Structures are given as structure tokens and as C-alpha cells.
Amino acid sequence: MTRMTPLLERNEQFAQTYTPVALGPAAAQVVVVTCLDHRVDPAIVLGLRLGDAPVIRNAGGRVTPAVIEDLAFLAYLAEQLFAGQVAADRLFEVAVIHHTQCGTGFLADPGFRHQTAEATGLSEAALEASAVADPYVTVKADVERLLASPLLSPKVSVSGHVYDIATGRVTTTLDARYP
């Protein structure tokens, strides 16, 4: 028995009542960008169901070049595959959600960051850029980074939010706007 065994057993239960979702626009017309922290499950926190929203997760929920590229691809797919199923001038909203008590906050400490760089082979600059010491500051920076990207479709809006680990509440810090 491995650590995956109980999860695979849960999957069996899921598969017994599973109904496939057809390819189409996501029901919520939102793409969530958030942290990979196990305490931050957007399906639970936001009440998402299968087919509601794509979710992009990474350390800190940061808007990285890879995230921007994924969003550019998703916007292209939405325009090509779902024309007529979504508003011609609006494809979807990107909800950037950072959270309190993020483990990447430790990367704000130069000593910890240096040790992490040595242990992982990652650059100190990249580690520093991924730190979420104050989610209210970093979510604003990431929304601005995304809105400034030439790869972001003008038909995609972006909003910023902070999830409070202590209360379970998500607060909107920046209302949705277009580039």
C-alpha cells in the first residue's frame, strides 16, 4: 500500500457517479491563478465544481511568464473553439488569488533565500520574485504584471483577491478590469 492508495480508492467512488463534462467554455468563465498550498483548494474555497473554471497553481500563486503564456493560449483557444458561446468582446476573467501565511513568505528573508538557492539550484532572484510576504502587495503587483503583458488578450479581464487562511474568506482587493 502506498500513500496514493486511499486517494485511488476515493477516485473509484468518484468514478462510479462521474458524468463527463463536454469541451466548452468553463461555466464560471473565470480562470483562477492561485498558490499550490494544500490549505488553498480553490474548488473548496470557491465552491467550484468540475467544469466551472480552469485553475493554474504554483508556489505563491504568482503571475510568472509561464502563467502568462498559459493564459494567452487559453484566450486563443476560447476565441477559436467557443466563438458564439462567449461574448465577442469578453472571453473570461482571470482571478489572481494570493493568501495569508504563504510559505513563500520565508523567501523574503535573505538568509533563508540563500540556503534555498543552494539546496535547490534555483536563482536567488527567482526565489525573491516568488515570495509572498504581504499578499495584498503581491496580488496587486501580479494583477498589474498581467494587465501590462502584451500577450494578454484585450478580451480578458483581471481581478485580484486575498484568501485569509485564518477566516476562510476571500476578499476582493482589485475589481476586474481589462488591459
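See above for the structure.
Each chain carries its own residue numbering, running from 1 in the written order of its sequence. At least 70 in pLDDT is required for a residue's local features to be given in this predicted model, at least 80 for side-chain atom pairs to be given and counted, and no such filter applies to totals for whole chains, interfaces and linings, which use all residues. The side-chain figures draw on all heavy atoms in the structure; neither hydrogens nor water molecules are used.

Turning next to the side chain of S130. Secondary structure elements are taken from DSSP: a helix is a run of H or I of four residues or more, a strand is a run of E of two residues or more, and numbering for both begins at the N terminus. Structurally, S130 is set in helix α5 (residues 124-130). Residue burial is assigned from relative accessible area. The probe radius is 1.4 Å, only protein chains are included, and a residue is buried under 20% of its type maximum, exposed over 50%, and partly exposed in between. Residue classification places S130 among the buried residues on the basis of a relative accessible area of 18%. Any two residues whose heavy atoms approach within 4.5 Å are treated as being in contact. Excluding residues that lie within four positions of it along the chain, S130 makes contacts with A59, R62, T104 and L107.

A word on the pattern of salt bridges. Criterion for a salt bridge: a side-chain nitrogen of Lys or Arg within 4 Å of a carboxyl oxygen of Asp or Glu. Taken as a whole and judged by the stated rule, the model has 6 salt bridges. A salt bridge links D142 to R62, with the shortest nitrogen-to-oxygen separation between them at 2.8 Å. Taken together, the residues span a long stretch of sequence, with D142 in helix α6 (residues 135-148) and R62 in the loop between β2 (55-58) and α3 (65-81) at a distance of 80 residues. Take R62: its relative accessible area is 6%, and that puts it in the buried class. For the salt bridge of E128 with R113, the shortest nitrogen-to-oxygen distance reads 4.0 Å. Here R113 lies in helix α4 (residues 110-120) and E128 lies in helix α5, a separation of 15 residues in the sequence. E128 sits in the partly exposed class, given a relative accessible area of 48%. Note on R113: relative accessible area 8%, which makes it buried.

All right, on to a nonpolar patch on the surface then. In this scheme, patches are assembled from residues that exceed 30% relative accessible area and form no salt bridge. Like charges are connected within 9 Å, while nonpolar side chains (Val, Leu, Ile, Met, Phe, Trp, Tyr) are connected within 5 Å. Surface accessibility follows the Shrake-Rupley procedure with a 1.4 Å probe radius. Residue values consider only the protein chains on display as shielding. Taken together, the side chains of F14, Y18, V21 and L50 make up a nonpolar region of the molecular surface, amounting to roughly 400 Å² of accessible area. Tracing the backbone through its elements, the reader meets L50 in the loop between α2 (42-45) and β2.

It is worth spelling out empty space enclosed by the protein at this point. Grid points spaced at 1 Å over the protein atoms alone were grouped into cavities, where a 1.4 Å probe fits but cannot get out, and pockets, open sets with protein on both sides within 12 Å along at least five of seven lines, with lining residues defined by an atom within 4 Å of a point. Grid points are joined across faces, edges and corners, and a volume is the space filled by probe spheres set on the points. The final tally for this structure, using the stated rule, is 1 cavity of 30 Å³ or more. Considered as a void within the structure, the largest cavity measures approximately 30 Å³ in volume. Taken together, V32, T34, V40, P42, V45, L46, I97 and V170 form the lining of the largest cavity. Note on residue classes: Ala, Val, Leu, Ile, Met, Phe, Trp, Tyr, Cys and Pro are nonpolar, Asp, Glu, Lys and Arg are charged, and everything else, Gly too, is polar. A breakdown of the residues in the lining of the largest cavity according to their chemical character gives 7 nonpolar, 1 polar and no charged.

The subject of this paragraph is the nonpolar core. Judged by nonpolar contacts, the single largest core of 24 residues is most densely connected at L71, F92, V94, V96, L146 and V158. If you list the elements that add at least two residues to this core, you get β1 (30-35), α3, β3 (92-99), α6 and β4 (156-163). Here this core gets 5 residues from one element, more than from any other, and that element is α3. Setting aside its immediate chain neighbours within four residues, F92 contacts Q29, V30, V31, L71, L74, A75, A78, K155, V156 and S157. Residues grouped as a nonpolar core are buried Ala, Val, Leu, Ile, Met, Phe, Trp, Tyr and Cys residues, joined through side-chain atoms within 4.5 Å. The next biggest cluster of nonpolar side chains, apart from the first, holds 7 residues, and it includes V32, V40, L48 and Y163.

Strand order in the open sheet made by the 5 strands is β2-β1-β3-β4-β5, with mixed pairing throughout. At either end of the open sheet lies a strand with only one pairing partner, and these are β2 and β5 (170-177). Neighbour to neighbour, the strand axes of the sheet diverge by 15° on average, direction disregarded. Two strands qualify as a pair provided that DSSP identifies no fewer than 2 bridges between them. Two strands pair when backbone bridges link them, and β1 and β3 are joined in this way by 5 bridges, in the parallel orientation. Opposite V30, over in β3, you have E93 as the bridge partner. As a rule, the C-alpha atoms of each element are fitted with a line to give its axis, helices using only the stretch in contact, and angles between N-to-C directions run from 0 to 180 degrees. Strands β1, β2, β3 and β4 of the sheet are contacted by α3, whose axis makes an angle of about 155° with β3.

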